[in-house]
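Residue strings, one per chain:
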Amino acid sequence: MKLSVQVNEGPYQHQASDSAYHFTKAALEKGHEVFRVFFYHDGVLNGTRLTTPPQDDRHVVNRWVELAEKYDLDMVLCVAAAQRRGLVDEGEAERNGKDATNIAPQFRISGLGQLVEAAIQSDRLVVFGD
Amino acid sequence: MSDIKKFMYLNRRAPYGTIYAWESLEVVLIGAAFDQEVSLIFADDGVFQLVKGSDTSESDMKNFMPTYRTLGDYGVRHMYVDRASLAARGLSEDDLIEVAWEDYETEEEVDNIVEIVDTDQAAKLMAESEVVFSF
């Protein structure tokens, strides 16, 4: 089955990103196709490489990055949500005159159209949120 | 991408207090470009999103309520409201905005696409949808 996943909450504060990660990983391991993982609302905070959890805890951001590296997963942060919450890649830094970037590897910033397209292209859109 | 799907946006949060309502509306507005068959449903505190006469002038929040009235222009054909959620909050149909819709090609007009539905009907509408966005 072709799936897309929407993540609506940030890491650690809420279970949504953990559940979405485990679901996505399990789906991929079962041989399903994951067309896209789209991060919205505070979910965009899953895409900052500056995250530093205590060493004895899971690393929510790196876990997503490693999954994307292994399966060539398309992980998109909503640009409007990212701008509000200070998630910046090189393009956004240049466009908005910011002095730094913080996006983690494997993530990219793009528009809400990517979410709508994912919903159209996939057999199921699975939403993880509050 | 010529295939048309039934999209349902489920709105369960009050308009202010969290950003879910506004960012849900942003998906609806952007999604209009994809020409899908779009319905919205309002349940739980989400029914407050359609209460008329809201005033945010003293809360330093952008009042996005006028945007709901324009949704007909963004391809939204139905805005369903859960009857039990309204009743539980002491609200009735008279408290809600009206949203008109006009098809500029066929000149078909609908005075108000806001419609109160029972919970079992709401469940059926969701079950019939191919995509349910939950906010």
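Reading the values: rules and limits
Residues numbered from 1 in each chain as written. Chains lettered and ligands numbered in written order. Predicted model: local features only at pLDDT ≥ 70, side-chain atom pairs only at ≥ 80, totals over all residues. Heavy atoms only, no water. Helix = DSSP H or I, 4+ residues; strand = E, 2+ residues; numbered from the N terminus. Rg over C-alpha atoms; globule rule 2.2 N^0.38 Å. Buried < 20%, exposed > 50% of the residue type's maximum accessible area, 1.4 Å probe, protein only. Contact = heavy atoms within 4.5 Å. Buried area = accessible area lost by both parts, 1.4 Å probe. Salt bridge = Lys/Arg side-chain N within 4 Å of Asp/Glu carboxyl O. Polar contact = N/O pair within 3.5 Å; in protein donor to acceptor, adjacent residues only side chain to side chain. Nonpolar A, V, L, I, M, F, W, Y, C, P; charged D, E, K, R; others polar. pLDDT = per-residue confidence, 0-100. Expected span 1.5 Å × (residues − 1).

### What to know about the overall build of chain B
On a plain count of helices and strands, chain B comes out with 4 helices and 7 strands. Counting helices and strands in the order they occur from the N terminus, chain B gives β-α-β-α-β-α-β-β-β-α-β. Scaling as 2.2 N^0.38, a compact globule of 135 residues should have a C-alpha radius of gyration of about 14 Å, and chain B matches this with 14 Å. Its C-alpha atoms give chain B principal-axis dimensions of about 45 × 30 × 25 Å. The 135 residues of chain B split such that 43% are buried. Sequence separation of 24 or more characterises 77% of the internal contacts of chain B that already satisfy a separation of 6 or more.

### Things to note about the interface of chain B and chain A
Taken together, the contact pairs 22 residues of chain B with 21 residues of chain A. Summed over both partners, the interface of chain B with chain A comes to about 1800 Å²; 60% of that surface belongs to carbon and sulfur atoms. Put simply, B:R13 and A:D130 hold a salt bridge, and the shortest N to O gap is 3.4 Å. For the pair chain B and chain A, the number of links is 11 residue pairs in polar contact (both at pLDDT 80 or more). Sorting the residues of the side of chain B that touches chain A by element identifies helix 1 (20-31) and strand 7 (131-134) of chain B as the ones contributing at least two each. In terms of residue count, helix 1 of chain B provides more of the side of chain B that touches chain A than any other element does, 8 residues in total. Residue composition of the side of chain B that touches chain A, grouped by class: 12 nonpolar, 4 polar and 6 charged.

### Things to note about the confidence of the model for chain B
Of the residues in chain B, 99% reach a pLDDT of 70 or more, and the chain-wide mean stands at 94. At the level of chain-chain contacts, confidence expressed as ipTM amounts to 0.87, with global pTM at 0.92.

### A word on the environment of B:D45
Residue and element names in this part refer to chain B. Tracing the backbone through its elements, the reader meets D45 in the loop between strand 2 (37-42) and helix 2 (65-69). When its relative accessible area of 32% is taken as the criterion, D45 is described as partly exposed. Expressed as a C-alpha distance, the spacing of D45 and S85, which sit 40 residues apart in the sequence, is 7.3 Å. Setting aside its immediate chain neighbours within four residues, D45 contacts R12, R13, A14 and R89.

### Considering helix 1 of chain B
Between the first and last C-alpha of helix 1 of chain B there are 16 Å, a value that for 12 residues agrees with the 16 Å anticipated at 1.5 Å per step. The buried fraction of helix 1 of chain B amounts to 10 of the 12 residues, a majority that puts the element mostly inside the structure. Looking at helix 1 of chain B, one finds that the buried residues are B:Y20, B:A21, B:W22, B:E23, B:S24, B:L25, B:E26, B:V27, B:V28 and B:G31. Along its buried surface, helix 1 of chain B packs onto helix 3 (79-85) and helix 5 (113-121) of chain A together with strand 1 (6-11), strand 2, helix 2 and strand 3 (76-82) of chain B.

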